[in-house]
2 protein chains.
Amino acid sequence: MSGPYRTVGVIGGMGPAATVDFFAKLVAATPAQRDQDHIRVLIDNDPSVPERSAAVAGRGPSPAPRLASMAKGLVAAGAELLVMPCNTAHAYASSIRDAVPGTPFVSLIEATIAETLERAPGARRVALLATDGTLEARIYHEAFADVGVEVLAPVESEQRRVMAAIAAVKRGAAGPEERSALRQVAEVLVTSGAQALVAGCTEVPLLMSDPELRVGDTSVPVVSSTDALVTQTLTAARR
Amino acid sequence: MSGPYRTVGVIGGMGPAATVDFFAKLVAATPAQRDQDHIRVLIDNDPSVPERSAAVAGRGPSPAPRLASMAKGLVAAGAELLVMPCNTAHAYASSIRDAVPGTPFVSLIEATIAETLERAPGARRVALLATDGTLEARIYHEAFADVGVEVLAPVESEQRRVMAAIAAVKRGAAGPEERSALRQVAEVLVTSGAQALVAGCTEVPLLMSDPELRVGDTSVPVVSSTDALVTQTLTAARR
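What counts and how
- Per chain, residue numbering runs from 1 following the sequence as it is written.
- Whichever chain is written first becomes A and whichever ligand is written first becomes 1, with later ones labelled in order.
- Per-residue local features of the predicted model are confined to residues with pLDDT of at least 70, and side-chain atom pairs are confined, for both listing and counting, to 80 or more; whole-chain, interface and lining totals are unaffected and use all residues.
- Only heavy atoms go into the side-chain values, all of them from the structure, while hydrogens and water stay out.
- Here a salt bridge means any side-chain nitrogen of Lys or Arg lying within 4 Å of a carboxyl oxygen belonging to Asp or Glu.
- To qualify as a helix, a DSSP run of H or I must reach at least 4 residues; to qualify as a strand, a run of E must reach at least 2; elements of each kind are numbered from the N terminus.
- Take the residue count of a helix, subtract one, and multiply by 1.5 Å to get its expected span.
- Burial status follows relative accessibility: with a 1.4 Å probe on protein chains alone, a residue under 20% of its type maximum counts as buried, one over 50% as exposed, and anything between as partly exposed.
- Here, residues are in contact when the closest pair of their heavy atoms is within 4.5 Å.
- In protein, a polar contact requires one atom able to donate a hydrogen and another able to accept it; more generally it is a pair of N or O atoms within 3.5 Å, and residues adjacent in sequence count only if both atoms are side-chain atoms.
- Two strands pair if DSSP finds at least two bridges between them.
- Think of each axis as a best-fit line through the C-alpha atoms, taken over the contacting stretch in the case of a helix, with angles from 0 to 180 degrees between the N-to-C directions.
- Here the word oblique covers every angle except those under 35 degrees (roughly parallel), over 145 (roughly antiparallel) and from 65 to 115 (roughly perpendicular).
- Residues are grouped as follows: Ala, Val, Leu, Ile, Met, Phe, Trp, Tyr, Cys and Pro are nonpolar; Asp, Glu, Lys and Arg are charged; every other residue, Gly included, is polar.
- Buried area, as used here, totals the accessible surface that two parts lose on assembly, with accessibility defined by a 1.4 Å probe and the loss added over both.
- The aromatic pairing rule takes the rings of Phe, Tyr and Trp, using the six-membered ring of Trp, and pairs them if the centres are within 6.5 Å, calling planes under 30 degrees apart stacked, those over 60 edge-to-face and the rest tilted.
- Note on convention: near helix rotated counterclockwise from far helix by under a right angle means a left-handed crossing. Clockwise means right-handed.
- Each domain's extent was defined by an automatic or database domain assignment.
- A crossover counts as right-handed when, viewed with the strands pointing away from the observer, the path leading from the first strand over the helix to the second turns clockwise.

Draft legend 1. Quick peek at the pattern of salt bridges. Taken as a whole and assessed by the stated rule, the structure comprises 28 salt bridges over all chains. Close ionic contact of Arg-239 of chain A with Glu-80 of chain A constitutes a salt bridge, the shortest N to O distance being 3.6 Å. With Arg-239 of chain A in the segment after α10 (225–237) and Glu-80 of chain A in the loop between α3 (64–76) and β3 (81–83), the pair connects residues that are 159 residues apart, well separated along the chain. Salt bridges sharing common partners tie together Asp-35 of chain A together with Arg-52, Lys-170 and Glu-203 of chain B.

Printed below as a string of structure tokens:
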């Protein structure tokens with residue numbers, strides 16, 4: 001392949017609707033006059049990867065061996081850089097990097113943090129809508145702490161509503177009720193002082209697509225981890 | 001993988017938006033309570049495949065070697081059956097079947113004809129919105145003739161409007177003008193006696209998503225080749 005872009009490999013299926021969303025947004029964001037201007041994308045949409053939140057909590061098998069195997073398979077098939085549109089699975093990012101040491105892995109977490117700092121410059125506190133696994137592994141807590149930003153996560157009863165909404169997307173049954181639940185949880189966090197809302201689970205942007213969230217007189221940017229990864233993938237893939 | 005479905009390999013990128021659309025519809029159509037109930041889908045979205053219509057017309061290189069190579073790559077990566085959400089490329093389906101003789105290839109053309117016969121039982125004439133290559137290779141003309149159905153294609157000046165609409169989708173610039181053009185071309189064919197409208201190019205359903213087309217007092221089913229392939233893929237993939 002000799003086009004303007006490197007071949008992108010997608011470690012996907014976590015969940016499938018989120019992988020579709022990433023792929024759709026990547027294609028839509030690529031400047032193209034014809035098919036041949038687009039990026040070659042290899043996708044392994046493998047929904048059988050063990051549950052990430054359960055693994056982080058020590059209640060299930062690790063997804064690491066499967067993620068490493070998918071990474072190797074994609075590189076063997078021609079992928080020149082890898083991405084993974086699942087935040088929670090980034091708890092196992094080192095297993096992917098170790099499996100294919102010669103291939104760049106574009107981190108969804110780093111992409112999201114970069115976009116948050118750009119869209120909410122000077123923010124000291126951000127709200128995080130993410131899975132139990134992402135919270136428990138403290139993926140965003142630690143990465144944001146490195147840049148001096150505090151993460152506000154929902155209290156336990158509110159977090160259960162976030163997980164229910166994510167599960168509804170995964171079974172293709174999410175609707176107005178789930179949208180409303182996520183919005184209410186987010187509003188509480190903004191009222192508590194969050195200066196940006198991080199949609200730190202790739203199912204969340206499927207339910208919250210507005211670029212901003214308004215609560216009373218306050219308006220904060222909504223940072224989609226999916227959109228952030230699309231932006232960084234386009235940049236990283238360009239030769 | 002030991003789930004309820006075989007792994008599906010997608011020979012894609014022709015064009016990328018059509019591959020996204022097929023993938024999205026396949027995920028949405030899969031009955032699932034959680035990620036692990038979904039189908040493993042391997043996608044090679046390779047937009048560099050030589051132009052199909054140009055090749056059919058003898059004005060460009062054949063896509064056959066590339067399609068055969070993609071098929072082999074997907075099977076090597078674990079695909080247990082193959083699909084290709086591009087009608088025109090089916091002029092080269094035999095090259096794919098020859099490349100991976102042990103792997104079922106679910107024909108988009110056969111899927112579309114089966115759905116047309118089901119949705120318009122007894123139809124003797126159907127309208128076809130497709131690329132120049134699909135028309136010139138007579139893919140649908142011959143396959144429909146085998147079941148006693150005549151294909152009505154747009155006249156040359158109208159066909160140019162169809163190709164312009166398809167090209168607009170490929171550069172991400174299709175809108176109301178292209179929707180309107182396709183609709184007008186389709187209306188002429190229905191007025192000429194077509195009893196169904198076959199969206200025989202996977203870009204067309206992105207511009208015509210209604211299940212029926214009404215022209216005056218007449219209403220005919222619109223058969224989406226993408227939807228037809230999704231249905232057949234789900235059936236063929238089930239173990």
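Draft legend 2. Looking closely at helix α5 (residues 108–119) of chain A. Residues and elements named next belong to chain A. Taking 1.5 Å of rise per residue, 12 residues should cover 16 Å, and α5 covers 16 Å from first to last C-alpha, within 8% of that figure. Of the residues making up α5, those classed as buried are Leu-108, Ile-109, Ala-111, Thr-112, Ile-113, Glu-115 and Thr-116. Taken together, the buried residues of α5 touch β4 (125–129), α7 (139–145), β6 (197–199), β8 (218–224) and α10. The N-capping residue of α5, defined by a side-chain oxygen 3.1 Å from the backbone nitrogen of Ile-109, is Ser-107.

Draft legend 3. Looking closely at the pairing of strand β7 (residues 212–215) of chain A. Side chains Leu-213 and Val-215 of chain A of β7 of chain A all project onto a buried face; the interleaved residues Glu-212 and Arg-214 of chain A project onto a face where none is buried. Taking the residues that link successive antiparallel strands as the turn, the β7 of chain A-β8 of chain A hairpin has two residues, and the phi of Gly-216 of chain A there is positive, at about 60°.

Draft legend 4. Spotlight on the side chain of Asp-21 of chain B. Residues and elements named next belong to chain B. Structurally, Asp-21 is set in helix α1 (residues 16–29). Of note is the side chain of Asp-21, whose polar atom sits 2.9 Å from the side chain of Lys-25. Setting aside residues up to four positions removed in sequence, Asp-21 forms contacts with Pro-205, Leu-206 and Thr-226.

Draft legend 5. Fine view of the environment of Ala-165 of chain A. Residues and elements named next belong to chain A. Relative to the helices and strands, Ala-165 is located in helix α8 (residues 156–170). Overall, Ala-165 belongs to the buried group, its relative accessible area being 1%. Expressed as a C-alpha distance, the spacing of Ala-165 and Leu-207, which sit 42 residues apart in the sequence, is 8.4 Å. In this structure, Ala-165 is in contact with Glu-178, Leu-182 and Leu-207, ignoring residues within four places of it in sequence.

Draft legend 6. Local environment of the packing of helix α5 (residues 108–119) of chain B against helix α10 (residues 225–237) of chain B. Residues and elements named next belong to chain B. Look at α5 against α10: their axes get within 8 Å of each other, and the N-to-C directions meet at 100°. Classified by the angle their axes make, α5 and α10 are roughly perpendicular. Contacts from Leu-108, Ala-111, Thr-112 and Glu-115 of α5 reach α10 at Ser-225, Asp-227, Ala-228, Leu-229, Thr-231 and Gln-232. Residue composition of the contact of α5 with α10, grouped by class: four nonpolar, four polar and two charged.

Draft legend 7. Representation of the interface of chain A and chain B. Taken together, the 34 residues of chain A in the interface contact 34 residues of chain B. In total, about 2700 Å² of surface goes out of reach between chain A and chain B, with carbon and sulfur atoms giving 54% of it. For chain A, the biggest contributors to the area lost against chain B are Phe-23, Asp-35 and Gln-36 of chain A; these three give 22% of the whole. The tally of links between chain A and chain B comes to eight salt bridges. At the junction of chain A with chain B, the criterion picks out 15 residue pairs in polar contact (both at pLDDT 80 or more). Mapped onto the side of chain A that touches chain B, the elements with two or more residues apiece are α1 (16–29) and β2 (41–45) of chain A. It is α1 of chain A that provides the largest number of residues to the side of chain A that touches chain B, a total of seven residues.

Draft legend 8. Spotlight on the side chain of His-141 of chain B. All names here are of chain B. Along the chain, the position of His-141 falls in helix α7 (residues 139–145). Exposure remark for His-141: the relative accessible area of 15% places this residue in the buried category. Apart from residues no more than four positions distant in its own chain, His-141 is found in contact with Leu-135, Val-151 and Ala-153.

Draft legend 9. Quick look at the packing of aromatic side chains. Applying the stated criterion across every chain, the model contains three aromatic pairs over all chains. With centroids separated by 6.4 Å and ring planes inclined at 50°, the aromatic side chains of Phe-23 of chain A and Phe-23 of chain B adopt a geometry described as tilted. A residue pair is termed interchain when its members come from two chains, as with Phe-23 of chain A in helix α1 and Phe-23 of chain B in helix α1. A relative accessible area of 1% places Phe-23 of chain A in the buried class.

Draft legend 10. Representation of the packing of α1 of chain A against α10 of chain A in the model. All names here are of chain A. Orientation of α1 relative to α10, taken along the N-to-C sense of each, is 50°, at an axis distance of 9 Å. Relative to α10, the element α1 lies oblique. Of the two elements, α1 crosses α10, and the hand of that crossing is right-handed. Only Thr-226, Asp-227, Leu-229, Val-230, Thr-233 and Leu-234 of α10 make contact with α1, whose side of the interface consists of Asp-21, Phe-22, Lys-25, Leu-26 and Ala-29. The class makeup of the residues in the contact of α1 with α10 is six nonpolar, two polar and three charged.

Draft legend 11. Representation of the domain arrangement of chain A. Residues and elements named next belong to chain A. Splitting chain A by domain gives domain 1 (8–107 + 228–237) and domain 2 (108–225). Of note, the centres of domain 1 and domain 2, computed from C-alpha atoms alone, are 21 Å apart. Of the residues lining the interface, 24 residues belong to domain 1; the matching set on domain 2 comes to 25 residues. Buried area between domain 1 and domain 2, both sides added, is near 1700 Å², and the carbon and sulfur share of it is 54%.

Draft legend 12. Region of the structure containing the pairing of β2 of chain A. Residues and elements named next belong to chain A. Among the five residues that make up β2, five are buried, leaving the element largely enclosed by the rest of the structure. Along β2, one buried face is formed by Val-41, Ile-43 and Asn-45 and the opposite face, lined by Leu-42 and Asp-44, is buried too. Relative to β2, strand β1 (residues 8–12) is paired through five bridges, and the arrangement is parallel. Each residue of the ladder has a partner; that of Gly-9, found in β2, is Leu-42. In this region the chain leaves β1, passes through α1 and returns to the parallel neighbour β2; the handedness of that crossover is right-handed.

Draft legend 13. Here's a closer look at the sheet that holds β7 of chain A. All names here are of chain A. With mixed pairing, five strands are arranged side by side in an open sheet as β5-β4-β6-β8-β7. Looking along the sheet, the strands with just one partner apiece sit at the ends: β5 (150–152) and β7. The average angle at which neighbouring strand axes cross in this sheet is 30°, direction not considered. As defined by bridge partners, β4 adjoins β6 across three bridges and the pair is classed as parallel. What sits directly across from Leu-129, in β6, is Ala-199. On the sheet, α5 packs against β4, β6 and β8 and is oriented at approximately 155° with respect to β8. Helix α9 (residues 176–191) rests against β4, β5, β6, β7 and β8 of the sheet, and its axis sits at about 70° to β7.

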